[in-house]
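A closer look at the structure
One letter stands for each residue in the lines below.
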Amino acid sequence: MKVGFIGLGNVGGKLSGSLLRNGVDLTVHDLNADLVDTFVAKGAKRAEGPAQLMADCDAVITCLPSPAASAAVMDEMLPEVAQGKIWLEMSTTDEAEVNRLGAMVIARGGAAVDCPVSGGCHRADTGNISIFAGCDRATFDRILPFLKTMGRRILHTGDLGSASILKVITNYLATANLVTCCEALVTAKAAGMDLNTAYEAMKISSGTSFVHETESQVILNGSRDISFTMDLVKKDVGLFQEVADRNNVPLEISPMLINIFDDGIARFGERELSPNIIKRLEEATGLDIRAPGFPPEMTDDEPEEPGYEVVPQGK
């Protein structure tokens, strides 16, 4: 299967790198020509634009920063969609928008999948990230071989749009985890605790989480570099809030998180690294939340392994 990939940024560059590393016939496109040149030097083909990519490939993946960017790319690709073509949206996007774009693809005889990833950029780099996929079962079976190349745990979530709902739910949980880890670390420091010991206490206890075991480390290092920014957090939590609003769920914590990141963006800028939301508390207390021995960025020390489909418990 010939695969096209549009969007070679922080996440897309790593996912497409896994495809290329594992021998997939890959054609790429990005507005940043330098990124494309890097992939061509490694053996990928170059596309002149989204339309050519859809015309030449069996499946085209988009991994872009916003729903608007995906819509603009789809406007170019749609005339080339034909029977048997597959569009995979790996961006974090709105369920309603992916259904709108997917309906146009399906109307032309193609198939549409929303398949966002979760688990951190460091796992995307090694092909060990998790992937959600929303589509009919027949399409899922067609794309599963190269999803297993990009990720380790592959979950068929149901119909088109279902993966996007679950993605913003899991990103919401990660954001809530980040804010509570920040509050816990600052409170530990204020109470006179050694931060190295506090980190371990949180890690081995019922209070641990994936976010603590990754983002707390780069917070304590001081780099705060998790390859994710405050504007993206605000977008994702906002998408989660929209899902709740459409379904008449009266949330309490989600609006607080939106307010916290609105304040962080006002203070530090929308492109500030998301773990630096802790600076609000550092400034309020005058405390420096750093400790020796923690890495400046996360790396995946697990060996790359073949992916597999995750079967939900009870099914």
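Note: the structure precedes this text.
Notes on the structure follow.

Definitions and limits used
Residues numbered from 1 in each chain as written. Predicted model: local features only at pLDDT ≥ 70, side-chain atom pairs only at ≥ 80, totals over all residues. Heavy atoms only, no water. Core = buried A, V, L, I, M, F, W, Y, C linked by side-chain atoms within 4.5 Å. Buried < 20%, exposed > 50% of the residue type's maximum accessible area, 1.4 Å probe, protein only. Helix = DSSP H or I, 4+ residues; strand = E, 2+ residues; numbered from the N terminus. Contact = heavy atoms within 4.5 Å. Arc of directions from axis to C-beta. Axes fitted to C-alpha atoms, helices over the stretch in contact; angles between N-to-C directions. Parallel < 35°, antiparallel > 145°, perpendicular 65-115°, else oblique. Left-handed = near helix turned anticlockwise from the far one by under 90°. Nonpolar A, V, L, I, M, F, W, Y, C, P; charged D, E, K, R; others polar. Phe/Tyr/Trp six-rings, centres within 6.5 Å; stacked < 30°, edge-to-face > 60°.

What follows deals with the nonpolar core. What tends to happen in soluble globular proteins is that the nonpolar side chains get buried as a cluster. Within the largest apolar cluster, 34 residues are counted, with the highest numbers of intra-cluster contacts made by F5, L88 and M150. Sort the elements by how many residues they give to this core and helix α7 (residues 137–150) lands first, with six residues. Ignoring any residue separated from it by four or fewer positions in sequence, one finds F5 in contact with G12, L15, S16, L19, L26, T27, V28, H29, L53, I61, C63 and M150. Counting residues in hydrophobic clusters, the runner-up holds 33 residues, among them L185, M202, M230 and A291.

Moving on to helix α4 (residues 67–77). Within α4, burial applies to P67, S70, A71, V73, M74 and M77. One side of α4 holds all its buried residues, which, seen down the axis, span an arc of 165°. Exposed residues pointing more than 90 degrees away from the buried face of α4 are listed as A68 and D75. Structurally, α4 contributes buried residues whose contacts are with β1 (2–6), α3 (50–56), β4 (59–62), β5 (86–89) and α5 (95–107).

Taken N-terminus to C-terminus, the directions of helix α8 (residues 162–190) and helix α9 (residues 195–203) make an angle of 135°; their axes are 10 Å apart at the nearest point. It follows that α8 is oblique to α9 by the angle criterion. Considering only the axes of α8 and α9, their crossing is right-handed. Counting all contacts with α8, which are made through C181, A184, L185, A188 and K189, the residues of α9 involved are L195, A198 and M202. Tallied by class, the residues present in the contact of α8 with α9 amount to seven nonpolar, no polar and one charged.

What follows deals with the packing of aromatic side chains. On inspection of all chains with the given rule, the structure shows two aromatic pairs. Measuring from centroid to centroid gives 4.0 Å for Y172 and F240, while their planes differ by 10°, and the two rings are stacked. Of this pair, Y172 sits in helix α8 while F240 sits in helix α11 (residues 230–246), and the two are 68 residues apart along the sequence. Each member of the pair Y172 and F240 is classed as buried.

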